[in-house]
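# Structure at a glance
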Amino acid sequence: MKESVTLIIMGVTGDLAKRKLLPAIYSLVTKKKLKNFAVIGVSRSENSMSSIIGESKKFVKGSNQKVWNKIGKRSEYIKLNFEDSEGYKVFGKGCLSLEKRFRLSGKRIFYLATLPEHFPAIVKNLKEVEMGKNKEDWPKLVFEKPFGYDLSSARKLNKTILSLFKERQIYRIDHYLGKELVANISLLRFTNRIFEPLWCKDHIENVQIILNEELTIGSRGEFYDKYGVLRDMVQSHIFQLLSLIAMESPEKIEGEFVRDKKLEVFKNLNVKDVLLGQYESFKSESGVAANSTTPTFAALKVFVDTPRWKGVPFFLKTGKALNETKAVIYIKFKEVSCLLSKTCPSDTNYLIINLRTNEGVALEVNTKIPGKNEVEPVKLDFRIKNKYGPNTPEAYESLIEDIIAGNQYAFVRNDSIEYCWQALEPWLKKKISIHRYKKGSKGPKELNKWSEKNKIGWRS
Ligand SMILES: NC(=O)c1ccc[n+]([C@@H]2O[C@H](COP(=O)([O-])OP(=O)(O)OC[C@H]3O[C@@H](n4cnc5c(N)ncnc54)[C@H](OP(=O)(O)O)[C@@H]3O)[C@@H](O)[C@H]2O)c1
């Protein structure tokens, strides 16, 4: 990468910066994709980049100290309260002096790794002190999810940001949407004769998108109690994955082509039913209110009201503190209707897209059991690692590369985010029961009844 850039992490002492962003920078430097750079870490506590880097190291297996030293030398920590306008002047001077020291071009990426309530103050202040002076498509601003709290706050946020910067400078991140995944799902769907013509209501019975986590909310109690599962996971990751399954074919997997097609899906989202749950010890987690009614589990039945998908339910399920960690999309095809199917009952076919651990694609087909005139489903299993090796880049690494290069298609556009909030809005306002569930279980027991009512046999 030829660009000389200043990477500014707003919220550098946070979990995301230490666990994902600094390791992604480490990897880019190791691969010499990032040569001429500086890193500025910003947050409100007393700290230093050497201590933050020290904590980040444990998230990179077998890392090379020389690379960390290089990052350390090119880094600076600046203490700043995001709401303190005066402090941005000192921040601006610190940034300029580091850029001068390393003869950088002043192309800046502001990565807002903090809560959305700080986004307006940060963008306004950056503009005010001219750190965010527009020049071509720079600076670039990266916004972590959730982008907003509901429809009106997301609209307001878009309005504030777009009054100061152009959409071309804005990167609303959803790390589930690395460009590898966007391209993987799109190319799988649209370049295979055995899938493309079948990818519609005539052949698909339902789609199941499941993002389960064994982990509890850990140290993110305060954040999670405010946002909950619908805002944290469904509005962002799950709707984005759904759009990749449901969108029409883009002309190219680049530029605005993909984002235009995804928008059509978001405009037609129709959330029909929702079941919510909360794991039993959630209220005693640090940072969580003792009387919290925040959901940590959700199951949804959603329709995409387009001709392709009319009547096909998309079942979405996600939660914390569950019995397993997995991120999988199941495409359940309809049963075959032929004379043989009466004498030889068969299962329906599934296309299984694995997004986490053993990433890859499996197709489940019926094959004959030796010695019997019966069939059973067998998986034709493709794992990315087995074919292409273990070195596919982590999502944050390729997303940072995309930001530097100005590739926006794997990022969420302003109009899309508003339609996603709009689809969920009635369910955020509605009073729905929150069912308790045991840590390490499959979710609330009421899920069985809900699933029966909605005629969904979850694939496990
Ligand atoms: N953690 C993840 O795995 C993850 C994954 C996907 C998305 N995200 C998103 O990324 C964002 C950050 O998440 P996180 O888990 O890293 O949060 P976090 O651990 O709570 O970190 C928040 C950061 O913001 C800083 N901060 C908060 N208020 C500030 C203020 N008024 N002035 C200056 N600094 C302030 C904190 O600094 P101090 O330490 O100085 O208070 C800290 O560095 C959130 O929007 C989250 O939804 C996180």
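We now turn to the structure provided with this report. (Residues numbered from 1 in each chain as written. Predicted model: local features only at pLDDT ≥ 70, side-chain atom pairs only at ≥ 80, totals over all residues. Heavy atoms only, no water.)

Looking now at the overall build of the protein chain. Regarding its fold elements, the protein chain presents 14 helices and 15 strands. Rg of the C-alpha trace for the protein chain: 23 Å, near the compact-globule value of 23 Å for 460 residues, within the 12% margin. Viewed in the frame of its principal axes, the protein chain has a C-alpha envelope of about 80 × 50 × 40 Å. Residue burial in the protein chain is summarised as follows: out of 460 residues, 54% are buried. In the protein chain, once contacts between residues fewer than 6 apart in sequence are set aside, the share between residues at least 24 apart is 76%. Accessible surface, the protein chain as shown: approximately 21700 Å² in total, 50% of it carbon and sulfur. Positive and negative charge centroids in the protein chain, built from 79 and 54 side chains respectively, lie 2 Å apart. (Helix = DSSP H or I, 4+ residues; strand = E, 2+ residues; numbered from the N terminus. Rg over C-alpha atoms; globule rule 2.2 N^0.38 Å. Buried < 20%, exposed > 50% of the residue type's maximum accessible area, 1.4 Å probe, protein only. Contact = heavy atoms within 4.5 Å. Areas by Shrake-Rupley, 256 points an atom, 1.4 Å probe, with all protein chains shown as cover. Lys, Arg positive; Asp, Glu negative; His and termini not counted. Charge placed at Lys NZ, Arg CZ, Asp CG, Glu CD.)

A word on the site of the ligand. The local shell around the ligand holds 23 residues, among which Thr13, Asp15, Arg19, Arg44 and Lys145 are the closest. Contact between the ligand and arginine 19: an oxygen atom at 2.5 Å from a side-chain N or O atom of the residue. Between the ligand and the protein, one listed contact pairs a nitrogen atom with a backbone N or O atom of phenylalanine 82 at 2.9 Å. With the chains in place, 83% of the 890 Å² that the ligand exposes on its own is no longer accessible. For the shell around the ligand, the class distribution of residues is eight nonpolar, nine polar and six charged. Looking at which domains feed residues into the shell around the ligand, each of domain 1 (5-144) and domain 2 (176-453) gives three or more. (Near = heavy atom within 4 Å. Polar contact = N/O pair within 3.5 Å; in protein donor to acceptor, adjacent residues only side chain to side chain. Nonpolar A, V, L, I, M, F, W, Y, C, P; charged D, E, K, R; others polar. Domains from an automatic or database assignment.)

As enumerated under the stated definition, the model contains two cavities of 30 Å³ or more in all. Lining the largest cavity are 13 residues, and of these Lys145, Ile173, Gln235, Val412 and Ile417 lie nearest its centre. Counting residues per element, the ones that place at least two in the lining of the largest cavity are helix H8 (221-246) and helix H13 (414-429). A total of three residues in the lining of the largest cavity trace back to one element, the largest contributor, which is H8. Tallied by class, the residues present in the lining of the largest cavity amount to six nonpolar, three polar and four charged. Computed from the structure, the second largest cavity encloses a volume of approximately 70 Å³. Taken together, Leu7, Ile8, Ile9, Leu21, Ile25, Ile109, Tyr111, Ile400 and Ile403 make up the lining of the second largest cavity. At the level of secondary structure, the elements contributing two or more residues to the lining of the second largest cavity comprise strand S1 (5-10), helix H1 (15-30), strand S4 (107-112) and helix H12 (395-405). (1 Å grid on protein atoms, 1.4 Å probe; cavity = no way out; pocket = protein on both sides within 12 Å on 5 of 7 lines; lining within 4 Å. Points joined across faces, edges and corners; volume = space filled by probe spheres on them.)

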